[in-house]
Amino acid sequence: PVKTLEKIILSYITNNFIHISHQHGFKAKHSTTTALDTLNNIITTGFNRRYHIPPPNQRTVTPALNMSKVFDTVDTHKLPHTLHNTLTSFLPTIIKFIANCIKGRKQYTKYNNTTPSSRRTKSGIPYGGILSQKLLNIYTSEIPAVPPNITHII
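Residues numbered from 1 in each chain as written. Predicted model: local features only at pLDDT ≥ 70, side-chain atom pairs only at ≥ 80, totals over all residues. Heavy atoms only, no water.

J.: Give a detailed account of helix α4 (residues 92-102), specifying residues and quantitative values.
T.: Residues of α4 that are buried include every one of I94, I95, I98, A99 and I102, and no others. Down the axis of α4, the sector holding all buried residues measures 140°, keeping them to one side. What points out from α4, more than 90 degrees from its buried face, is the exposed set P92, T93, K96 and N100. (Buried < 20%, exposed > 50% of the residue type's maximum accessible area, 1.4 Å probe, protein only. Helix = DSSP H or I, 4+ residues; strand = E, 2+ residues; numbered from the N terminus. Arc of directions from axis to C-beta.)

J.: So what's going on with the layout of surface pockets? Which residues, and what values?
T.: Within this model, the largest pocket holds a volume of roughly 1600 Å³. Forming the walls of the largest pocket are 42 residues, and the residues nearest its centre are H22, P63, H152, I153 and I154. The element best represented in the lining of the largest pocket is helix α2 (residues 32-48), accounting for 9 residues. Residues that form the lining of the largest pocket fall into these classes: 21 nonpolar, 18 polar and 3 charged. Size it by volume and the second largest pocket reaches roughly 230 Å³. Around the second largest pocket, the lining comprises 17 residues; the ones closest to its centre are I20, S21, H22, V146 and I153. (1 Å grid on protein atoms, 1.4 Å probe; cavity = no way out; pocket = protein on both sides within 12 Å on 5 of 7 lines; lining within 4 Å. Points joined across faces, edges and corners; volume = space filled by probe spheres on them. Nonpolar A, V, L, I, M, F, W, Y, C, P; charged D, E, K, R; others polar.)

Note that all results are geometric; they support no functional claim without further evidence.
Take a look at the structure:
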């Protein structure tokens, strides 16, 4: 029953979330390939730009950020506030449901058929959960905007 409810909520989020153009991960018809294609177009456009005398001080710098274990780093106390700020038409009851699902989760590791006591997680959303990918996109959508035509985030 919970997975069915999560699928309904996922459909609701998908229809009400304004997609951020610079996000490529966990997004329909987007991938690392589309992100690299966007980067390639920006660099190519810069190389093909005609320079005037004196040449402008324009450079292409590409820092890359790999967020390893990104699902484990989501602040479960901040995420409900992000949902509230991002999905203004979202019902508070649904945000409370999501908060209850992600806060205070317990986990354990089974080794040689021995199960130790479980521990409460302090952060993170379940990897592979029905809502997890969309929640991660919403969580990372609050990356501050950059000046247009000067800096690009991909």
